[in-house]
Amino acid sequence: MKHLEYIVMVFAAALLATSCSRDDYLVEDDGDAPVTGQMQTYTFTVSPDIVMEGDAKTRSEGTDAEMPTRCFMQVLGNGVLSKIENGEQNENGSFVFSVQLPSNTAYTFMFWADNGNREAPTDLRSVQYTPGTVAFAAKVEGLTEKMTDTEVKLKHIVTKITLQHNGVNTFSPKVGDVMTITLPCATTYDISEETVSENETHEFTHTFSESTPMTAATDICNFYVLSPSNENNNINISFRDFGLTISNISM
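What counts and how
- Residues numbered from 1 in each chain as written.
- Predicted model: local features only at pLDDT ≥ 70, side-chain atom pairs only at ≥ 80, totals over all residues.
- Heavy atoms only, no water.
- Salt bridge = Lys/Arg side-chain N within 4 Å of Asp/Glu carboxyl O.
- Helix = DSSP H or I, 4+ residues; strand = E, 2+ residues; numbered from the N terminus.
- Buried < 20%, exposed > 50% of the residue type's maximum accessible area, 1.4 Å probe, protein only.
- Phe/Tyr/Trp six-rings, centres within 6.5 Å; stacked < 30°, edge-to-face > 60°.
- Pairing = 2+ DSSP bridges.
- pLDDT = per-residue confidence, 0-100.
- Contact = heavy atoms within 4.5 Å.
- Core = buried A, V, L, I, M, F, W, Y, C linked by side-chain atoms within 4.5 Å.
- Polar contact = N/O pair within 3.5 Å; in protein donor to acceptor, adjacent residues only side chain to side chain.

J.: Describe in detail the pattern of salt bridges, supporting the description with residues and values.
T.: Here the structure, examined in full by the defined rule, presents 5 salt bridges. Across the pair lysine 160 and glutamate 66 runs a salt bridge whose closest N-O atoms are separated by 2.8 Å. Residue lysine 160 is located in strand β11 (residues 159-165), and its partner glutamate 66 is located in the loop between β1 (39-48) and β2 (70-77); the two are separated by 94 residues in the primary sequence. Taking relative accessible area as the criterion, lysine 160 reaches 23% and is therefore assigned partly exposed. In this structure glutamate 66 comes out as buried when scored by relative accessible area, which is 9%. Between arginine 125 and aspartate 123 there is a salt bridge, with its nearest N and O atoms 2.9 Å apart.

J.: Quick rundown of the packing of aromatic side chains? Include the residues and the values.
T.: One pass over the structure, following the stated rule, counts 9 aromatic pairs. When the centroid spacing of 4.7 Å and the interplanar angle of 45 degrees are considered together, the rings of phenylalanine 44 and phenylalanine 109 count as tilted. Here the residue phenylalanine 44 occupies a position in strand β1, and phenylalanine 109 occupies one in strand β7 (residues 106-114), the gap between them amounting to 65 residues. Phenylalanine 109 gets classed as buried once you look at its relative accessible area, which sits at 0%. Between the aromatic rings of phenylalanine 171 and phenylalanine 239, the centroid separation amounts to 5.2 Å while the plane-to-plane angle is 70 degrees, which identifies the pairing as edge-to-face.

J.: If you had to explain the pairing of strand β6 (residues 95-102) to someone new, which residues and values would you point to?
T.: By the bridge criterion, 8 bridges tie β1 to β6 in an arrangement that is antiparallel. When the bridges of β6 are listed, methionine 39 appears paired with proline 102. In this sheet, β6 lies alongside strand β5 (residues 88-89) in antiparallel orientation, the contact comprising 2 bridges. Across the sheet, the residue bridging to glutamine 89 is phenylalanine 95, located in β6. Between β5 and the antiparallel strand that follows it, β6, lie 5 residues; glycine 93 among them carries a positive phi value of about 95 degrees.

J.: Which residues make up unusual backbone geometry, and what are the values?
T.: Its identity is not glycine, yet asparagine 104 carries a phi of approximately 55 degrees, on the positive side. Note on placement: asparagine 104 falls in the loop between β6 and β7. Owing to a relative accessible area of 31%, asparagine 104 belongs among the partly exposed residues under this scheme. Even without being a glycine, arginine 240 presents a positive backbone phi close to 55 degrees. Among the structural elements, arginine 240 can be located in the loop between β15 (232-239) and β16 (242-250).

J.: Describe the confidence of the model for the protein chain, naming the residues involved and giving the relevant values.
T.: For the protein chain, the mean per-residue pLDDT works out to 81, and 79% of the residues sit at or above 70. Contacts of residues 55-60 to residues separated by more than four positions or lying in other chains number 10 contacts, the stretch itself having pLDDT below 50.

J.: For the nonpolar core, give the residues involved together with the corresponding values.
T.: Of all hydrophobic cores here, the largest spans 55 residues; its most connected members are Phe44, Val46, Phe109, Phe111, Trp112, Ile181 and Leu183. Apart from the residues within four sequence positions on either side, leucine 183 is in contact with Ile161, Glu200, Thr201, His202, Phe204, Phe223, Val225, Asn234, Ile235 and Met251.

J.: Quick rundown of the side chain of aspartate 177? Include the residues and the values.
T.: Following the sequence through the fold, aspartate 177 ends up in the loop between β11 and β12 (178-190). Reaching out from aspartate 177, the side chain makes a polar contact with the backbone nitrogen of lysine 174 at a distance of 2.8 Å. Here the side chain of aspartate 177 touches arginine 240 through a polar contact of 2.6 Å, side chain to side chain. Excluding anything up to four places from it in sequence, aspartate 177 contacts His206, Thr207, Phe208, Phe239 and Arg240.

What follows is the structure, encoded as structure tokens:
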């Protein structure tokens, strides 16, 4: 009967791990240490790092609108990719995942978080990004036996762009005036390789809600993009009948 129990365990573990030998699963357990291949529960507490990297002047401390509202996890190991798991959100903004996996096995744990509302991704190696949303990612690699209760810090993978009037001349938009900003944006992110792909041109618009003249340096609007893989890009701005191109911007 004991051998039969181990056989059942082998079939359960084979759903996520296929490389362990039959002898691995027949190692006796002393009651405390996990047996190689024995199914164990692992918990991850995932929270965002809301301070963006870069020059101190452009750092964001994170407002409610800049916090992720959902988080996903996917596990890659032994040539097997797990289904997407949805994290349970805590009051402090973190997300909790619990997953059962064979112990003492190496995996890559991938995490994605955003504040979008498009359909959940199906593969975190190819996440479709929605321009204008905040997005975070992280990956953790290692043996599962060392990850019984793991804290994961998500990092910003987007660029926050702020359009500012420099205050040199008076700028007097009217209520309802629209400013259009066109720039390149990557659309796909691979968490396993930490790379972007499939660049396209995206258009953002800002509608002015008041007619107060701007006479000093003033932020007009800001938005998020997934930075393209190429270093230098052009941003086009149009307002009424005027147009401006800002060239060779590193994002």
